[in-house]
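# Per-entry structural report
Below are the chains, spelled out letter by letter.
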Amino acid sequence: MSSGTADRVWSVSEHLDNILRQLKPLEPIELQLLDAQGCVLVEDVMVPVALPPFENSSMDGYAVRTTDTQGADASHPAVLTVIGDVAAGSGELPTVGPGQTARIMTGAPLPPGAEAVVPVEWTDGGTGGAPVVGMPAASRSPDAVGGEVRVYRPVGPGDHVRARGSDVAAGELALSAGTVLGPPQIALLAAVGRATVRVRPRPRVVVVSTGSELVPPGEELGPGRIHDSNSYMLTAAAREAGAQSYRVGAVADDAETFRATVEDQLIRADILVTTGGVSVGAYDVVKEALGEEIEFRKLAMQPGKPQGFGFIDAGARSEAEGDGGDAEAAPPEPERTPLLALPGNPVSAYVSFELFVRPAIRTLMGVEPVFRTTVRAVCEGDLTSSPKGRRQFLRGRYHPATGRVTPVGGAGSHLVKALAHANSLIVVPEDTTEVAAGSEVEVVLLD
Ligand code: AMP
Ligand code: MG
């Protein structure tokens, strides 16, 4: 597949469009609420019962008949007989008759007969003294119920009462298909009683790094060895993009081992991402092992010139052949897993992830926005030596308050520290080779 197109140079947008065109959103599934966080709802969710489902108190206080409190003030309090307590969750409710009241707690149903709630702070709390600031805990003072309470201010019908359906009425639309589920949307689903919802699932992204020089962090470095940072970076980046990501430890530069690793991972992958081994070296295993299925391209960008994209056949169902013998039935579609092969230099891998893998993940999720926000900013430094004919992505520190961006580190694609101190990518177009300080540049915001 790589032959014949080897000399063609792809623009960033050609490569991106080619990837996204071949991806479609994952099939929806029913997920538990918390598993659906960040996912796109694919059903309209209606409200089965009104919220709140019953008239209830918005304060801790006394449930009263409003006429009993008319004209009450500090010198002429209304004196009411306390007939019981209504706590949140109470099922059995006392009926409040004339001259009577029941203590009521926030969220408790308004008992029959009562039309309003007097906050406890407007009463003597049954103490026979001055206004109080609260009620004693029922468990500590079981005798507090009963006796009389003095009410120092009048209330009108519905005061401190939440009407049934005042949040949302039964039969209304709670959330429409297409909504991305954040914490408040999950709260609403739970409030209307939904335990599960139909959403597009998070894509499962499997990250495989390659390189015989790679040692996991935490292990001693031998001669010529470096720590594997890419697989950690990309697993984290995929998770941040919304995916469920899995990190596979670095695989040595051996085509057979690498191929076997990729095949082993297909079972749990909606996308495979590899790093390293896509260049023109003698040990570029990804190219060697996947040259049949994956197209390796040269991109007009820096960093990130060598890129691979294609589909790996996840066990084309050979049993379909001759099974049942129904000539009319369409053969089952073979499962094909997209694979993006990124270059090995950490900055190249990261920029490639941002430009190609992140939009791919978001396309599979069916979630907007697919792309990062870009802004125009004033560049605080001179940018020299941007390669002609290639779109350059430099690391920058963008200052939202001033609309300025400071280049961080240089163009070197091994500069992990500079990457860690950047919050944006400065884009230098293909036909631009220099940018003078004070000029406007395009900036991709990374957070
Ligand atoms: P490659 O594309 O495999 O030739 O790798 C290019 C450069 O990136 C080399 O200097 C590698 O040592 C480095 N590199 C490759 N993979 C990783 C990784 N997972 N973590 C850190 N550096 C890497
Ligand atoms: Mg390598």
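Only a predicted model underlies this, so the values are computations on that prediction, with no experimental measurement involved.

Before going further, it helps to spend a moment on the nonpolar core. If you look at the biggest cluster of nonpolar residues, it comprises 43 residues, and the most contacted ones within it are Phe353, Phe356 and Ile361. At the level of elements, helix H1 (12–21), strand E14 (204–210), helix H3 (230–240), strand E18 (271–275), strand E21 (306–313), strand E22 (336–342), helix H6 (346–365) and strand E26 (424–428) are the ones that each hand at least two residues to this core. Looking at this core, the element that brings in the most residues is H6, giving 12 residues. The contact partners of Phe356, leaving out residues within four places of it in the chain, are Val12, His15, Leu16, Ile19, Leu299, Met301, Gln307 and Leu340. Membership of the second largest hydrophobic core comes to 20 residues, among which are Val262, Ala269, Val278 and Val285.

The next point concerns the site of ligand 1. Every one of the 15 residues lining ligand 1 counts as a neighbour, but Glu213, Asp228, Ser229, Gly277 and Gly344 are closest to it. Taking Gly277, its main chain carries an N or O atom lying 3.0 Å from an oxygen atom of ligand 1. In the environment of ligand 1, an oxygen atom lies 3.2 Å from a nitrogen or oxygen atom belonging to the backbone of Gly344. Expressed as a share of its isolated accessible area of 480 Å², the protein-covered part of ligand 1 is 76%.

As for its placement among the helices and strands, Thr66 is situated in the loop between strand E6 (61–64) and strand E7 (78–86). Once residues lying within four places of it in the same chain are set aside, the contact partners of Thr66 are Glu115, Ala116, Val155, Gly156 and Pro157.

Under the criterion given, the structure shown has 14 salt bridges. We note a salt bridge from Asp85 to Arg103, for which the minimum N-O separation is 2.7 Å. Taken together, the positions of Asp85 in strand E7 and Arg103 in strand E8 (residues 100–104) put the pair 18 residues apart, joining distant regions of the chain. Looking at Arg103, the relative accessible area reads 3%, which means it is buried.

About the criteria used
- Residues numbered from 1 in each chain as written.
- Chains lettered and ligands numbered in written order.
- Predicted model: local features only at pLDDT ≥ 70, side-chain atom pairs only at ≥ 80, totals over all residues.
- Heavy atoms only, no water.
- Core = buried A, V, L, I, M, F, W, Y, C linked by side-chain atoms within 4.5 Å.
- Buried < 20%, exposed > 50% of the residue type's maximum accessible area, 1.4 Å probe, protein only.
- Helix = DSSP H or I, 4+ residues; strand = E, 2+ residues; numbered from the N terminus.
- Contact = heavy atoms within 4.5 Å.
- Near = heavy atom within 4 Å.
- Polar contact = N/O pair within 3.5 Å; in protein donor to acceptor, adjacent residues only side chain to side chain.
- Areas by Shrake-Rupley, 256 points an atom, 1.4 Å probe, with all protein chains shown as cover.
- Salt bridge = Lys/Arg side-chain N within 4 Å of Asp/Glu carboxyl O.

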